[in-house]
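Descriptive analysis of the structure
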Amino acid sequence: MTSNSEKESKKVTIKICLGSSCHLKGAYEMTRRLKEMFEDDPNVVLAGSLCMNNCANGVILEIDGKTVSKVTLDNLEEVVKKKIRDTQKRLVDGNETE
Ligand code: FES
């Protein structure tokens, strides 16, 4: 049996930078797409962030504490799904190191 805290620990958090530079590079539209992608997935939590101090490489996402840079509207879905798969596999395997 899996406890609530174990289930809770398998959630993946995606933070998207909503600072002005990332906003100009499409962060608002990315946020809309991420909401659509994960609205029915209880294991993914979406959050916004102030500038993540990496504007030159934006749009910046943070997936379970790991920075993902140069995200575009074209690569968003591919990048996010791959990172989430990797993160969930790591969490399920219990291997916190990469
Ligand atoms: S605005 Fe996104 S890193 Fe600065």
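Going by the structure above, here's the rest.
This is a predicted model, so every value here is computed, not measured.

The rules behind the values
Residues numbered from 1 in each chain as written. Predicted model: local features only at pLDDT ≥ 70, side-chain atom pairs only at ≥ 80, totals over all residues. Heavy atoms only, no water. Salt bridge = Lys/Arg side-chain N within 4 Å of Asp/Glu carboxyl O. Helix = DSSP H or I, 4+ residues; strand = E, 2+ residues; numbered from the N terminus. Buried < 20%, exposed > 50% of the residue type's maximum accessible area, 1.4 Å probe, protein only.

A few words now on the pattern of salt bridges. Across all of its chains, the model carries six salt bridges by this definition. The partner of glutamate 62 in a salt bridge is lysine 15, with the nearest N and O atoms 3.9 Å apart. One end of the pair, glutamate 62, is in strand 3 (residues 61-63); the other, lysine 15, is in strand 1 (residues 12-17), with 47 residues separating them in the sequence. Residue classification places lysine 15 among the partly exposed residues on the basis of a relative accessible area of 32%. Taking the shortest distance from any N to any O, the salt bridge between glutamate 36 and arginine 32 comes out at 2.5 Å. Placement of both glutamate 36 and arginine 32 in helix 3 (residues 27-38) is noted, with a separation of four residues, approximately one turn of the helix. Within the structure, one salt-bridge network assembled from shared partners comprises Glu29, Arg32, Arg33 and Glu36.

It is worth stressing that arrangement in space is one thing and function is another; only the former is reported here.
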